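Chain by chain, the residues run as shown.
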Amino acid sequence: MLSRCNLVPPFWVGDRLFTDEDLVLIRETARQFSRLSRSELAATLGEILPWKAPNGKPRALACLQLLEKLEGQGVIKLRPKVRGGRRGGGEAEAAAVTSPGINVSLSAIRPVVVEPVPGEEGRCWNATMAAYHPLGYRRPIGAHQRYWIRARVGGTSQIVGAMLFGAAAKALADREAWIGWTSTELARYRWRILNNNRFLILPEVHVPHLASHVLSLAARRLPADWQARYGYRPVLLETFVETPYRGTCYRAANWILVGHTKGRGRQDRYKEYALSRKTIWMYPLVPDWREQLTRPASAPREAEEEEEEENHAQS
(Lines give C-alpha, C1' and ligand atoms only; values in the text may rest on other atoms or scores of the structure.)
Protein backbone atom coordinates (compact mmCIF):
# COMPACT_ATOMS: atom_id res chain seq x y z
CA MET A 1 0.00 0.00 0.00
CA LEU A 2 1.07 3.59 -0.49
CA SER A 3 2.80 5.32 2.38
CA ARG A 4 1.08 8.21 4.16
CA CYS A 5 4.25 10.29 3.89
CA ASN A 6 5.29 12.42 0.91
CA LEU A 7 6.30 10.47 -2.16
CA VAL A 8 9.79 11.84 -2.72
CA PRO A 9 11.93 9.73 -5.08
CA PRO A 10 13.26 7.23 -4.58
CA PHE A 11 10.23 5.54 -2.97
CA TRP A 12 8.72 2.07 -3.04
CA VAL A 13 5.21 1.03 -3.98
CA GLY A 14 5.01 -2.69 -3.31
CA ASP A 15 8.17 -4.11 -4.86
CA ARG A 16 8.63 -1.36 -7.44
CA LEU A 17 11.15 1.41 -6.82
CA PHE A 18 10.11 4.78 -8.32
CA THR A 19 12.93 7.12 -9.34
CA ASP A 20 13.14 10.78 -10.34
CA GLU A 21 12.89 9.68 -13.97
CA ASP A 22 9.66 7.81 -13.25
CA LEU A 23 8.17 10.86 -11.58
CA VAL A 24 9.09 13.05 -14.55
CA LEU A 25 7.43 10.52 -16.86
CA ILE A 26 4.28 10.48 -14.70
CA ARG A 27 4.08 14.29 -14.66
CA GLU A 28 4.55 14.54 -18.42
CA THR A 29 2.02 11.80 -19.15
CA ALA A 30 -0.57 13.44 -16.88
CA ARG A 31 0.00 16.76 -18.66
CA GLN A 32 -0.13 15.38 -22.20
CA PHE A 33 -3.20 13.22 -21.58
CA SER A 34 -5.11 15.61 -19.33
CA ARG A 35 -8.37 14.84 -21.15
CA LEU A 36 -8.27 11.20 -20.17
CA SER A 37 -10.32 9.99 -17.21
CA ARG A 38 -8.41 8.92 -14.14
CA SER A 39 -8.89 5.25 -14.95
CA GLU A 40 -7.81 5.72 -18.56
CA LEU A 41 -4.71 7.63 -17.48
CA ALA A 42 -3.84 4.94 -14.94
CA ALA A 43 -4.18 2.22 -17.59
CA THR A 44 -1.96 4.23 -19.93
CA LEU A 45 0.72 4.66 -17.29
CA GLY A 46 0.64 0.95 -16.48
CA GLU A 47 1.75 0.32 -20.05
CA ILE A 48 4.26 3.17 -20.32
CA LEU A 49 6.20 2.71 -17.07
CA PRO A 50 5.85 -0.39 -17.50
CA TRP A 51 4.19 -1.70 -14.34
CA LYS A 52 2.58 -5.11 -14.60
CA ALA A 53 1.36 -7.93 -12.39
CA PRO A 54 2.79 -11.47 -12.60
CA ASN A 55 -0.11 -12.37 -14.89
CA GLY A 56 1.14 -9.78 -17.40
CA LYS A 57 -1.71 -7.30 -16.95
CA PRO A 58 -0.93 -3.60 -16.32
CA ARG A 59 -1.38 -2.64 -12.69
CA ALA A 60 -3.99 -0.03 -13.49
CA LEU A 61 -5.51 0.18 -10.02
CA ALA A 62 -2.13 0.56 -8.33
CA CYS A 63 -1.33 3.31 -10.87
CA LEU A 64 -4.62 5.03 -10.08
CA GLN A 65 -3.88 5.03 -6.35
CA LEU A 66 -0.42 6.44 -7.01
CA LEU A 67 -1.83 9.16 -9.27
CA GLU A 68 -4.36 10.23 -6.65
CA LYS A 69 -1.69 10.26 -3.96
CA LEU A 70 0.49 12.50 -6.16
CA GLU A 71 -2.51 14.72 -6.90
CA GLY A 72 -3.16 15.10 -3.18
CA GLN A 73 0.40 16.30 -2.72
CA GLY A 74 0.07 18.81 -5.57
CA VAL A 75 2.54 17.02 -7.84
CA ILE A 76 0.08 16.50 -10.71
CA LYS A 77 -3.44 17.57 -11.67
CA LEU A 78 -6.14 15.08 -12.65
CA ARG A 79 -9.61 15.37 -14.08
CA PRO A 80 -12.31 15.67 -11.38
CA LYS A 81 -13.77 12.41 -10.17
CA VAL A 82 -17.08 11.32 -11.63
CA ARG A 83 -19.41 10.53 -8.76
CA GLY A 84 -21.42 7.44 -9.46
CA GLY A 85 -24.00 5.49 -7.52
CA ARG A 86 -23.35 3.29 -4.55
CA ARG A 87 -21.13 0.28 -5.21
CA GLY A 88 -23.26 -2.68 -6.03
CA GLY A 89 -26.42 -0.58 -6.44
CA GLY A 90 -29.07 -1.83 -8.81
CA GLU A 91 -28.03 -5.47 -8.55
CA ALA A 92 -30.95 -7.82 -9.03
CA GLU A 93 -32.24 -9.69 -6.02
CA ALA A 94 -31.11 -13.29 -5.66
CA ALA A 95 -32.41 -16.08 -3.45
CA ALA A 96 -30.22 -17.67 -0.80
CA VAL A 97 -29.56 -21.40 -0.91
CA THR A 98 -32.03 -23.36 1.20
CA SER A 99 -30.35 -24.86 4.24
CA PRO A 100 -30.81 -28.64 4.11
CA GLY A 101 -31.44 -30.57 7.32
CA ILE A 102 -28.45 -32.91 7.73
CA ASN A 103 -27.44 -34.70 10.93
CA VAL A 104 -25.09 -37.51 9.96
CA SER A 105 -21.43 -38.51 10.14
CA LEU A 106 -18.83 -37.03 7.80
CA SER A 107 -18.35 -40.37 6.04
CA ALA A 108 -22.06 -40.42 5.15
CA ILE A 109 -21.81 -37.29 2.97
CA ARG A 110 -18.49 -37.87 1.25
CA PRO A 111 -17.08 -36.80 -1.07
CA VAL A 112 -17.11 -33.24 0.24
CA VAL A 113 -15.72 -30.77 -2.30
CA VAL A 114 -14.79 -27.08 -2.30
CA GLU A 115 -15.54 -25.49 -5.68
CA PRO A 116 -15.10 -21.95 -7.05
CA VAL A 117 -18.41 -20.13 -7.50
CA PRO A 118 -19.30 -19.72 -11.20
CA GLY A 119 -20.01 -16.16 -12.30
CA GLU A 120 -23.70 -16.81 -12.84
CA GLU A 121 -24.03 -18.05 -9.23
CA GLY A 122 -22.27 -15.09 -7.63
CA ARG A 123 -25.45 -13.31 -6.57
CA CYS A 124 -26.84 -16.49 -5.05
CA TRP A 125 -23.60 -16.91 -3.08
CA ASN A 126 -23.85 -13.29 -1.89
CA ALA A 127 -27.44 -13.77 -0.76
CA THR A 128 -26.61 -17.02 1.02
CA MET A 129 -23.73 -15.48 2.97
CA ALA A 130 -25.80 -12.40 3.81
CA ALA A 131 -28.71 -14.55 5.04
CA TYR A 132 -26.82 -16.99 7.25
CA HIS A 133 -23.44 -15.63 8.37
CA PRO A 134 -23.41 -13.91 11.79
CA LEU A 135 -21.48 -10.94 10.35
CA GLY A 136 -23.66 -10.63 7.27
CA TYR A 137 -21.99 -9.84 3.98
CA ARG A 138 -20.91 -6.89 1.89
CA ARG A 139 -19.37 -7.20 -1.54
CA PRO A 140 -15.57 -7.54 -1.29
CA ILE A 141 -13.27 -4.97 -2.86
CA GLY A 142 -10.12 -6.26 -4.48
CA ALA A 143 -8.82 -9.72 -5.20
CA HIS A 144 -10.98 -12.48 -3.73
CA GLN A 145 -12.13 -16.05 -4.30
CA ARG A 146 -15.57 -17.39 -3.41
CA TYR A 147 -16.25 -21.09 -2.86
CA TRP A 148 -19.26 -23.34 -2.49
CA ILE A 149 -18.97 -26.31 -0.14
CA ARG A 150 -20.80 -29.29 -1.59
CA ALA A 151 -21.50 -32.74 -0.17
CA ARG A 152 -23.16 -35.94 -1.36
CA VAL A 153 -26.58 -35.99 0.30
CA GLY A 154 -29.23 -38.52 -0.64
CA GLY A 155 -27.36 -39.45 -3.78
CA THR A 156 -27.10 -35.87 -5.09
CA SER A 157 -24.60 -33.04 -4.68
CA GLN A 158 -25.95 -30.35 -2.36
CA ILE A 159 -24.54 -27.05 -1.11
CA VAL A 160 -23.81 -27.24 2.61
CA GLY A 161 -21.73 -24.09 3.06
CA ALA A 162 -19.65 -21.32 1.54
CA MET A 163 -16.25 -19.63 1.95
CA LEU A 164 -14.50 -16.42 0.97
CA PHE A 165 -10.79 -15.63 0.78
CA GLY A 166 -9.42 -12.15 0.18
CA ALA A 167 -6.67 -9.71 1.09
CA ALA A 168 -4.93 -9.90 4.46
CA ALA A 169 -5.46 -7.38 7.25
CA LYS A 170 -3.43 -4.19 6.88
CA ALA A 171 -1.59 -4.47 10.19
CA LEU A 172 -1.62 -6.94 13.08
CA ALA A 173 1.10 -6.55 15.68
CA ASP A 174 0.93 -10.18 16.87
CA ARG A 175 0.97 -11.49 13.30
CA GLU A 176 3.96 -9.35 12.35
CA ALA A 177 5.82 -10.46 15.49
CA TRP A 178 5.10 -14.13 14.73
CA ILE A 179 6.30 -13.80 11.15
CA GLY A 180 9.26 -11.63 12.12
CA TRP A 181 8.36 -8.81 9.73
CA THR A 182 9.61 -5.25 9.86
CA SER A 183 7.21 -2.45 8.92
CA THR A 184 8.92 -2.23 5.53
CA GLU A 185 8.47 -5.96 4.90
CA LEU A 186 4.81 -5.70 5.93
CA ALA A 187 4.22 -2.96 3.36
CA ARG A 188 6.02 -4.81 0.59
CA TYR A 189 4.94 -8.43 1.12
CA ARG A 190 1.49 -8.40 2.78
CA TRP A 191 -0.12 -9.42 -0.51
CA ARG A 192 1.33 -12.93 -0.06
CA ILE A 193 -1.11 -13.57 2.80
CA LEU A 194 -4.81 -14.25 2.23
CA ASN A 195 -7.57 -13.91 4.78
CA ASN A 196 -10.39 -16.40 5.23
CA ASN A 197 -12.89 -13.52 5.45
CA ARG A 198 -16.01 -15.66 5.67
CA PHE A 199 -16.62 -19.33 6.52
CA LEU A 200 -20.16 -20.63 6.65
CA ILE A 201 -21.65 -24.05 7.30
CA LEU A 202 -25.38 -23.76 6.69
CA PRO A 203 -27.37 -23.65 9.96
CA GLU A 204 -29.25 -26.95 9.58
CA VAL A 205 -26.11 -28.91 8.70
CA HIS A 206 -24.80 -30.78 11.75
CA VAL A 207 -21.89 -32.99 10.70
CA PRO A 208 -19.04 -33.55 13.19
CA HIS A 209 -15.58 -32.62 11.80
CA LEU A 210 -17.05 -31.18 8.59
CA ALA A 211 -15.66 -27.67 9.18
CA SER A 212 -12.06 -28.77 9.80
CA HIS A 213 -12.26 -31.15 6.82
CA VAL A 214 -13.42 -28.28 4.59
CA LEU A 215 -10.58 -26.03 5.81
CA SER A 216 -8.07 -28.70 4.81
CA LEU A 217 -9.68 -29.09 1.38
CA ALA A 218 -9.65 -25.33 0.82
CA ALA A 219 -5.98 -24.99 1.82
CA ARG A 220 -5.04 -27.61 -0.78
CA ARG A 221 -7.12 -26.11 -3.56
CA LEU A 222 -6.79 -22.35 -3.02
CA PRO A 223 -3.15 -21.77 -4.14
CA ALA A 224 -3.74 -23.15 -7.64
CA ASP A 225 -7.06 -21.34 -8.02
CA TRP A 226 -5.51 -18.05 -6.89
CA GLN A 227 -2.58 -18.44 -9.25
CA ALA A 228 -4.89 -19.19 -12.18
CA ARG A 229 -6.95 -16.10 -11.42
CA TYR A 230 -4.33 -13.60 -10.23
CA GLY A 231 -0.96 -14.90 -11.40
CA TYR A 232 0.72 -15.83 -8.10
CA ARG A 233 0.47 -18.33 -5.26
CA PRO A 234 -0.21 -17.20 -1.67
CA VAL A 235 2.14 -18.28 1.10
CA LEU A 236 0.07 -17.94 4.29
CA LEU A 237 -3.59 -17.92 5.29
CA GLU A 238 -5.01 -15.96 8.21
CA THR A 239 -8.36 -15.57 9.91
CA PHE A 240 -9.87 -13.93 12.99
CA VAL A 241 -12.21 -15.65 15.45
CA GLU A 242 -14.47 -13.59 17.68
CA THR A 243 -15.92 -14.68 21.02
CA PRO A 244 -17.88 -16.73 21.91
CA TYR A 245 -16.30 -18.86 19.18
CA ARG A 246 -13.02 -20.56 20.09
CA GLY A 247 -11.60 -21.51 16.71
CA THR A 248 -12.05 -25.22 17.35
CA CYS A 249 -12.30 -26.15 13.67
CA TYR A 250 -9.20 -24.09 12.82
CA ARG A 251 -7.21 -25.80 15.56
CA ALA A 252 -8.39 -29.20 14.34
CA ALA A 253 -7.24 -28.29 10.80
CA ASN A 254 -3.74 -27.43 12.15
CA TRP A 255 -4.07 -23.65 12.00
CA ILE A 256 -1.82 -21.87 14.51
CA LEU A 257 -3.06 -19.45 17.17
CA VAL A 258 -0.57 -16.55 17.09
CA GLY A 259 -2.20 -13.82 19.17
CA HIS A 260 -5.04 -11.30 19.33
CA THR A 261 -6.18 -8.22 17.50
CA LYS A 262 -6.02 -4.87 19.30
CA GLY A 263 -9.79 -4.45 19.33
CA ARG A 264 -9.78 -1.42 17.02
CA GLY A 265 -11.33 -1.00 13.58
CA ARG A 266 -9.10 -0.31 10.59
CA GLN A 267 -10.63 3.17 10.18
CA ASP A 268 -10.26 4.09 13.86
CA ARG A 269 -7.22 6.34 13.53
CA TYR A 270 -7.81 8.13 16.84
CA LYS A 271 -8.61 5.02 18.93
CA GLU A 272 -12.09 6.20 19.80
CA TYR A 273 -14.17 3.15 18.94
CA ALA A 274 -13.44 -0.06 20.79
CA LEU A 275 -14.31 -3.36 19.11
CA SER A 276 -14.11 -6.87 20.51
CA ARG A 277 -10.68 -8.48 20.43
CA LYS A 278 -10.34 -11.51 18.20
CA THR A 279 -7.91 -14.38 18.13
CA ILE A 280 -5.58 -14.52 15.13
CA TRP A 281 -5.02 -17.87 13.41
CA MET A 282 -2.45 -18.58 10.69
CA TYR A 283 -1.89 -21.48 8.31
CA PRO A 284 1.34 -21.91 6.27
CA LEU A 285 0.74 -23.13 2.72
CA VAL A 286 4.39 -24.00 2.01
CA PRO A 287 7.22 -25.35 4.19
CA ASP A 288 9.56 -22.40 3.51
CA TRP A 289 6.91 -19.76 4.13
CA ARG A 290 9.17 -17.49 6.18
CA GLU A 291 11.72 -17.32 3.38
CA GLN A 292 9.05 -16.72 0.75
CA LEU A 293 7.50 -13.91 2.77
CA THR A 294 10.67 -11.85 2.36
CA ARG A 295 11.73 -12.98 -1.11
CA PRO A 296 11.80 -10.16 -3.70
CA ALA A 297 8.97 -10.35 -6.23
CA SER A 298 6.64 -8.06 -8.12
CA ALA A 299 3.51 -7.31 -6.14
CA PRO A 300 0.39 -8.16 -8.16
CA ARG A 301 -1.99 -5.49 -9.42
CA GLU A 302 -4.75 -6.69 -7.12
CA ALA A 303 -2.62 -6.37 -3.98
CA GLU A 304 -2.98 -2.60 -4.03
CA GLU A 305 -6.77 -2.69 -3.86
CA GLU A 306 -8.50 -1.89 -0.59
CA GLU A 307 -10.22 -4.71 1.23
CA GLU A 308 -13.69 -4.82 2.67
CA GLU A 309 -13.75 -3.18 6.09
CA GLU A 310 -14.99 -6.17 8.04
CA ASN A 311 -12.15 -8.59 7.38
CA HIS A 312 -13.37 -11.25 9.81
CA ALA A 313 -14.12 -14.97 9.91
CA GLN A 314 -15.83 -17.06 12.54
CA SER A 315 -15.90 -20.77 13.26
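Anything mentioned here points back to the structure above.
*Asks:* I tried to follow the overall build of the protein chain on my own but got confused; where do I start?
*Replies:* Looking only at helices and strands, one finds nine helices and nine strands in the protein chain. Burial statistics for the protein chain: of 315 residues in total, 47% are counted as buried. Of all intrachain contacts in the protein chain linking residues separated by at least 6 positions in sequence, the fraction that spans at least 24 positions is 74%. Just so you have it, the protein chain exposes about 16,000 Å², and 50% of that area is on carbon and sulfur atoms.

*Asks:* Can you walk me through the sheet that holds strand S5 (residues 156-167) in this structure?
*Replies:* Backbone-to-backbone hydrogen bonds pair the strands of a sheet. The strands run either parallel or antiparallel. Spatially, S3-S4-S5-S6-S7-S9-S8 is the arrangement adopted by the seven strands of the open sheet, whose pairing is mixed. Every other strand in the sheet has two partners, leaving strand S3 (113-116) and strand S8 (256-260) as the edge strands with one partner each. Across the sheet, the mean angle separating the axes of adjacent strands is 35 degrees when strand polarity is ignored. The sheet contacts of helix H4 (residues 122-132) involve strand S4 (144-153), S5 and strand S6 (193-201), and relative to S4 the element is tilted by about 80 degrees. Those strands touched by helix H7 (residues 210-230) are S3, S4, S5, S6, strand S7 (236-242) and strand S9 (278-284), and its axis lies near 135 degrees from that of S4.

*Asks:* Would you take a moment to explain the packing of helix H2 (residues 38-48) against helix H3 (residues 60-72) for this structure?
*Replies:* The relative placement of two packed helices comes down to the angle between their axes together with the axis-to-axis distance. Between H2 and H3, the shortest axis-to-axis distance is 8 Å and the interhelical angle comes to 115 degrees. It follows from the interaxial angle that H2 and H3 lie roughly perpendicular. Here H2 runs over H3; the crossing is right-handed. Contacts between H2 and H3 involve Arg38, Ser39, Leu41, Ala42, Ala43, Leu45 and Gly46 on the former and, on the latter, Ala60, Cys63, Leu64, Leu67, Glu68 and Glu71. Here the residues of the contact of H2 with H3 sort into eight nonpolar, two polar and three charged.

*Asks:* Which parts of the structure should I look at to understand the pairing of S5?
*Replies:* On a regular strand, each side chain points to the face opposite its neighbour's, so the side chains alternate between the two faces of the sheet. With 10 bridges joining them, S4 and S5 adopt antiparallel strand pairing. In the sheet register, Tyr147 faces S5, and the bridge partner there is Met163. Hairpin geometry of S4 and S5 is characterised by an intervening segment of two residues between the two adjacent antiparallel strands and by a positive phi of about 60 degrees at Gly154.

*Asks:* Before we go on, may I ask you to explain the pattern of salt bridges in this structure?
*Replies:* Within this structure, the stated rule accounts for eight salt bridges. Of the charged contacts in the structure, one is a salt bridge between Glu121 and Arg150, with a shortest N-O distance of 3.6 Å. Of this pair, Glu121 sits in the loop between S3 and H4 while Arg150 sits in strand S4, placing them 29 residues apart in sequence. Among the residues examined, Glu121 registers a relative accessible area of 25% and is labelled partly exposed.

*Asks:* Got a minute to help me understand the packing of aromatic side chains in this structure?
*Replies:* Aromatic rings considered in pairs are described by the distance between their centres and by the relative angle of their planes. All chains considered together, the criterion is met by 10 aromatic pairs. With centroids separated by 4.7 Å and ring planes inclined at 50 degrees, the aromatic side chains of Trp226 and Tyr230 adopt a geometry described as tilted. In this pair, Trp226 and Tyr230 both sit in helix H7, four residues apart, roughly one turn of the helix. Across the pair, exposure class does not vary: Trp226 and Tyr230 are buried alike. Cluster of aromatic residues (ring-pair linked, three or more members): Trp191, Trp226, Tyr230 and Tyr232. Here Arg188 stacks its cationic end above the ring of Trp12, 4.1 Å away from the centre of that ring. Here Arg290 stacks its cationic end above the ring of Trp178, 5.6 Å away from the centre of that ring.

*Asks:* It is not clear to me how H3 should be interpreted in this structure. Could you clarify?
*Replies:* Since there are 3.6 residues in each turn of an α-helix, residues three or four apart along the chain are aligned in direction. Between its first and last C-alpha, H3 extends 18 Å over 13 residues, near the 18 Å set by a 1.5 Å rise per residue. Among the residues making up H3, those that are buried are Ala62, Cys63, Leu64, Gln65, Leu66, Leu67 and Leu70. Lining the buried residues of H3 we find strand S1 (11-13), strand S2 (16-18), helix H1 (20-32) and H2. Just beyond H3, the residue with positive phi is Gly74, at close to 75 degrees.

*Asks:* What should I look at first to understand the environment of Lys262 in this one?
*Replies:* By the element assignment, Lys262 lies in the loop between S8 and S9. For Lys262, a relative accessible area of 63% corresponds to the exposed category. Residues Lys262 and Ala173 lie 89 residues apart in sequence; the distance between their C-alpha atoms is 8.2 Å. Apart from the residues within four sequence positions on either side, Lys262 is in contact with Ala173 and Arg277.

Conventions adopted
Residues numbered from 1 in each chain as written. Predicted model: local features only at pLDDT ≥ 70, side-chain atom pairs only at ≥ 80, totals over all residues. Heavy atoms only, no water. Helix = DSSP H or I, 4+ residues; strand = E, 2+ residues; numbered from the N terminus. Buried < 20%, exposed > 50% of the residue type's maximum accessible area, 1.4 Å probe, protein only. Contact = heavy atoms within 4.5 Å. Areas by Shrake-Rupley, 256 points an atom, 1.4 Å probe, with all protein chains shown as cover. Pairing = 2+ DSSP bridges. Axes fitted to C-alpha atoms, helices over the stretch in contact; angles between N-to-C directions. Parallel < 35°, antiparallel > 145°, perpendicular 65-115°, else oblique. Left-handed = near helix turned anticlockwise from the far one by under 90°. Nonpolar A, V, L, I, M, F, W, Y, C, P; charged D, E, K, R; others polar. Salt bridge = Lys/Arg side-chain N within 4 Å of Asp/Glu carboxyl O. Phe/Tyr/Trp six-rings, centres within 6.5 Å; stacked < 30°, edge-to-face > 60°. Lys NZ or Arg CZ within 6 Å of the ring centre and 35° of its normal. Expected span 1.5 Å × (residues − 1).

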